[in-house]
Structure formats: structure tokens, C-alpha cells
Amino acid sequence: MAQSSGAPAGDAAGRSFVRAGYRYRISRDGAGLWLDLDKDSVKARKRLSHFVGSGAMARAYLLEADGFLFEAPVAYYAASRKWDLAPGYGLYTYPFLARSIQPGCLSCHATGVEPVPGTQSRFRSPPFHEAGIGCERCHGPGSEHVASRGSIVNPAKLAADRRDSICAQCHLQGEVRVMRPGKDWSSYQPGERLADTMTIFVRGGADLKVTSHGERLAQSACKQAGGERMWCGSCHDPHALPKPAERAAWFRSKCLACHETGACRERLAARRNAGDDCTACHMPKNPVVDAQHVVYTDHSIP
């Protein structure tokens with residue numbers, strides 16, 4: 001989460017690809033990372049001012065024009081180690097450069113987003129106070145913690161709806177978010193109920209999307225049986241990720257906190273082939289409907 005946005009300092013450059021007859025080339029110079037577009041007599045050059053996304057799966061990029069932010073038509077995909085069109089841009093036969101960045105998009109990737117009131121996609125400079133997701137997103141204002149030497153929100157100790165609201169800020173995608181009167185994207189504070197800031201409409205039987213973890217988990221037999229006892233923190237440590245070689249054992253230990261090994265006896269051979277990895281069968285990685293070239297873990301635990 002701490003690496004989910006920032007300035008594209010070390011991002012790969014010197015790459016190009018062609019789509020719909022347009023050549024997209026990513027290069028770097030002393031002024032930063034650049035996107036060059038050309039087709040016949042049509043040429044354009046845009047600076048990629050910020051990246052969005054940790055890079056574990058992919059990174060999207062932003063274009064800036066007079067304080068207005070737009071999504072760049074290119075993205076970098078980690079699994080294939082290549083640049084290609086950003087999700088949704090394959091629908092266009094030309095380089096679409098006017099997809100506006102809304103505060104709701106940026107707020108899940110950066111800390112202290114600064115939209116200009118009365119505009120659709122204009123932000124102050126810089127557009128956010130801190131790159132990535134900082135401690136305050138989950139634990140509340142640091143100033144209160146410093147003042148009282150102990151006043152800090154611990155999500156695990158909150159009532160279930162307030163605890164889950166902290167994760168749902170960014171991991172409950174839904175279809176539409178509607179702000180309550182007088183509220184905006186900066187209104188919610190950890191420890192509150194997210195429902196008091198916004199209403200999130202979720203489509204029944206929701207498709208697998210990039211950040212649909214919340215609605216997919218709600219569909220799972222594990223969540224339906226476990227109720228409020230099961231939450232994101234049951235399996236994830238927000239402060240650390242297991243090393244790749246330790247990943248299977250890490251998540252297996254989480255599964256065995258509730259399940260017995262005998263429940264998978266009929267799939268023993270498959271489990272052995274998967275390296276005793278419960279998630280290989282029960283939480284497979286699948287394509288998502290809102291992005292290309294990537295696969296994400298299915299939290300419906302099929």
C-alpha cells in the first residue's frame with residue numbers, strides 16, 4: 001500500500017508498441033518519463049507525471065495539464081514485463097487522452113488528495129500530500145496519537161462494521177458510490193462507519209474486479225459461516241507480505257485456523273502437486289472484467 005502511487009522515478013523506459021496504427025513509445029530524460037505518440041503526420045508528447053499502482057500486478061500513469069489530471073492510455077504490466085494499452089483503451093481507435101481522474105480514484109492510491117472544489121478533475125500542486133497509503137488511512141490522525149501518546153485506532157479492536165469499513169474504503173468496489181449530504185471523499189475517518197459517509201451499491205453476483213475483494217468475500221461460504229468473526233485481517237497482515245517461498249505455508253496456516261486437513265482428503269493429489277497450497281484450488285487467480293493482462297485472487301473462495 002505504501003508503494004501505490006508516486007513519481008515514476010525508476011520505471012522501465014525505452015519501450016514501444018503499436019496499436020491501431022499508432023506507435024506508443026515510453027522514454028526518459030532529465031525531466032522525467034515521457035509518452036510519445038505518432039501515426040503518419042499526427043504526433044504528440046506527454047509527460048507521465050505520476051504512477052498509480054504498486055507494480056505487483058501493473059502500474060497506470062497520469063497526465064497533467066494545467067492542474068487537471070487524466071489517465072494515460074498506457075500501463076506497465078508486471079507479469080509480462082511489458083507496456084501496453086491501459087484497461088479499457090482497446091475500445092478506441094485513437095489515443096484517448098481525456099479520461100479524467102476523479103478524487104475517488106486517486107484517494108485509494110494516495111494520501112491527502114487535494115481536489116480543487118467546483119472542478120471535475122483539477123487538483124492543487126502537488127495533487128496529494130503523500131505518495132502511497134499512509135498509516136493514518138487505517139489508524140486515524142497521527143496528531144491525536146502524538147498528543148495523547150496512545151490514542152490510535154486499532155481496526156482489530158473495533159466493532160465489526162467499523163473494523164470492516166476501514167478495508168472497504170478501497171477494497172469494496174461496488175457499482176456506484178453516492179455521498180451522503182455534506183460528505184466528500186475526505187470525510188471518512190477510521191473508526192467511523194463508512195455507511196455514514198457514503199452509500200455503496202453492489203450488484204448481486206458481482207463479477208471479479210480489480211478491487212472487488214469485499215463483495216466477493218461476502219459471497220463465500222467461509223464468510224457466511226464465520227459471520228463477523230471473519231474479516232480481511234483473518235488472513236492478511238496489512239503491515240507485511242509473506243516472501244514468495246513462504247506464501248503457501250502462510251495462507252495454509254490461516255485456512256487451518258478454521259478448517260481441518262481432512263476436508264481436502266479427496267484433493268490430496270492436487271494439493272501435493274500445488275505444493276500444499278490451499279489457495280491454488282480454493283482461491284484461484286482469474287481474469288477480471290475491468291482490466292486486461294492481469295489475474296487476481298478470487299475472494300469468493302470457490
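Predicted model only: the values in this text are computed from it and were never measured.

Chemist: Can you walk me through the nonpolar core in this structure?
Modeler: If you look at soluble globular proteins, the nonpolar side chains tend to sit buried side by side. Formed by 26 residues in total, the largest nonpolar core has its most connected members in Phe-17, Tyr-24, Leu-48, Tyr-61, Val-74 and Trp-83. Those elements that place two or more of their residues in this core are β3 (22-29), β4 (32-39), β5 (42-52), β6 (58-65), β7 (68-77) and β8 (82-85). Here this core takes five residues from β7, the largest share from any one element. If near-sequence neighbours (up to four positions away) are discounted, Val-74 is found in contact with Phe-17, Tyr-24, Leu-35, Tyr-61, Trp-83, Asp-84, Leu-85 and Ala-86.

Chemist: Would you mind going over the pairing of β5 with me for this structure?
Modeler: Two faces, one strand: in a regular strand the side chains alternate between the faces of the sheet. Bridge analysis of strand β1 (residues 5-6) against β5 gives two bridges, and the strand direction is antiparallel. Residue pairing in the sheet places Gly-6 in a bridge with Phe-51 of β5. Strand direction decides the pairing type here: β4 and β5, joined by seven bridges, are antiparallel. Bridge pairing in β5 places Leu-35 opposite Lys-46.

Chemist: How should I be thinking about the packing of aromatic side chains in this particular structure?
Modeler: Under the criterion given, the structure shown has nine aromatic pairs. Both rings, one in Tyr-94 and one in Phe-96, keep their centres 6.3 Å apart while their planes meet at 85°; by these two values the pair is edge-to-face. A cation sits over an aromatic face here: Arg-45 above Trp-34, 4.6 Å from the ring centre. The ring of Trp-250 carries the charged tip of Lys-254 above its face, separated from the ring centre by 4.5 Å.

Calculation criteria
- Residues numbered from 1 in each chain as written.
- Predicted model: local features only at pLDDT ≥ 70, side-chain atom pairs only at ≥ 80, totals over all residues.
- Heavy atoms only, no water.
- Core = buried A, V, L, I, M, F, W, Y, C linked by side-chain atoms within 4.5 Å.
- Buried < 20%, exposed > 50% of the residue type's maximum accessible area, 1.4 Å probe, protein only.
- Helix = DSSP H or I, 4+ residues; strand = E, 2+ residues; numbered from the N terminus.
- Contact = heavy atoms within 4.5 Å.
- Pairing = 2+ DSSP bridges.
- Phe/Tyr/Trp six-rings, centres within 6.5 Å; stacked < 30°, edge-to-face > 60°.
- Lys NZ or Arg CZ within 6 Å of the ring centre and 35° of its normal.

Just geometry here; none of it tells us what the structure is for.
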